[in-house]
Amino acid sequence: MTTPKTKPSIDTIAAECLAVRMRMLNRVVTNIYDDALRPLGLKVSQMNILVATAKMGMARPAEVCHRLHLDASTLSRNVERMKARGWLEVVPDEDGRAQPFRLTAQGRKLLQKAAPAWQKAQRKARAILGDEIAEGLKDAIGRLPSEGLPE
């Protein structure tokens, strides 16, 4: 039940909450990319892990989590699915706990095939967000306490 004292706070939150707006935008933009990548059996969340892995060469789970701001269980679940599809492979390591991984040839081919669909989704998302917000997102990522995305 709202009271006269709480109503302005509720109105302010409803009108100004950045988290709500970011979550809405995230769902809309994620759907744009997922729809574009679906014919390849790929989700944008998986593509981001593949791209980070390609840039790193040999990817250590903790480093991927750090770069992409993912929790370990989310990464592990996605990596297992991508290994099962032949897109990633585990690299033998002295420390058996870390299980570093790398892109397979099949994973690299998938990224090449995904590029046109990604470009189409990128244009569509940018049209919705506008150039100013799209550039602002890059700037905001740069202000994160530790750089979040691979260069």
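This one's a predicted model, so the numbers in the text were calculated from it and none came from an experiment.

Parameters at a glance
Residues numbered from 1 in each chain as written. Predicted model: local features only at pLDDT ≥ 70, side-chain atom pairs only at ≥ 80, totals over all residues. Heavy atoms only, no water. Helix = DSSP H or I, 4+ residues; strand = E, 2+ residues; numbered from the N terminus. Rg over C-alpha atoms; globule rule 2.2 N^0.38 Å. Buried < 20%, exposed > 50% of the residue type's maximum accessible area, 1.4 Å probe, protein only. Contact = heavy atoms within 4.5 Å. Areas by Shrake-Rupley, 256 points an atom, 1.4 Å probe, with all protein chains shown as cover. Patch = residues over 30% accessible without salt bridge, like charges linked within 9 Å, V, L, I, M, F, W, Y side chains within 5 Å. Salt bridge = Lys/Arg side-chain N within 4 Å of Asp/Glu carboxyl O. Lys, Arg positive; Asp, Glu negative; His and termini not counted. Charge placed at Lys NZ, Arg CZ, Asp CG, Glu CD. Core = buried A, V, L, I, M, F, W, Y, C linked by side-chain atoms within 4.5 Å. 1 Å grid on protein atoms, 1.4 Å probe; cavity = no way out; pocket = protein on both sides within 12 Å on 5 of 7 lines; lining within 4 Å. Points joined across faces, edges and corners; volume = space filled by probe spheres on them. Expected span 1.5 Å × (residues − 1). Bend = angle between axes of the 7 residues up to and from the residue.

S.K.: Is there a simple way to explain the overall build of the chain in this structure?
M.R.: Scanning the chain from N- to C-terminus turns up seven helices and two strands. When its helices and strands are written in sequence order, the chain yields α-α-α-α-α-β-β-α-α. A globule of 151 residues ought to have a C-alpha radius of gyration of about 15 Å, yet the chain, at 19 Å, is considerably larger. Split into buried and exposed, the 151 residues of the chain put 26% on the buried side. In the chain, the share of contacts with a sequence separation of at least 24, taken over all contacts with a separation of at least 6, comes to 58%. In the form shown here, the chain has an accessible surface area of approximately 10200 Å², with 57% of it arising from carbon and sulfur atoms.

S.K.: I would appreciate a short explanation of a positive patch on the surface in the present structure.
M.R.: Among the surface-exposed residues, Lys43, Arg77, Arg81 and Arg85 lie close enough to one another that they form a single positively charged patch. Secondary-structure assignment places Arg81 in helix α5 (residues 72-84).

S.K.: Please explain the nonpolar core as it appears in this structure.
M.R.: With 27 residues, the main nonpolar core has Leu37, Leu42, Leu50, Leu75, Leu88 and Phe101 as its most contacted residues. At the level of elements, α2 (18-37), α3 (44-56), α4 (61-68), α5, β2 (101-103) and α6 (105-129) are the ones that each hand at least two residues to this core. The dominant element in this core, judged by the number of residues it contributes, is α6, at six residues. Contact partners of Leu37, with chain neighbours within four places excluded, come to Leu42, Lys43, Val44, Met47, Ala114, Ala117 and Trp118.

S.K.: So what exactly am I meant to see when it comes to the layout of surface pockets here?
M.R.: In this approach, a probe sized like a water molecule rolls over the atoms, and the result shows the empty space that is left. Considered as a void within the structure, the second largest pocket measures approximately 180 Å³ in volume. Contributing to the lining of the second largest pocket are 14 residues, with Pro61, Ser76, Val79, Ala98 and Gln99 lying nearest its centre. Those elements that provide at least two residues to the lining of the second largest pocket are α4 and α5. Here the lining of the second largest pocket takes six residues from α5, the largest share from any one element.

S.K.: What's the story with the environment of Lys109 in this structure? I'm lost.
M.R.: Mapped onto the fold, Lys109 is located in helix α6. Looking at Lys109, the relative accessible area reads 57%, which means it is exposed. Spatially, the C-alpha atoms of Lys109 and Trp87 are 9.0 Å apart, while their sequence positions differ by 22 residues.

S.K.: Explain α6 to me, please; I cannot follow it from the model alone.
M.R.: What sets the pattern is the α-helix's 3.6 residues per turn: residues three or four places apart point alike. Over its 25 residues, α6 runs 34 Å from end to end, which matches the ideal 36 Å to within 8%, given 1.5 Å per residue. The largest bend along α6 measures about 40° and falls at Ala115, with the proline Pro116 one to four residues further on. The inward-facing, buried residues of α6 contact α2, α3, β2 and α7 (131-142). Just downstream of α6, Gly130 is the residue with a positive phi angle, here 85°.

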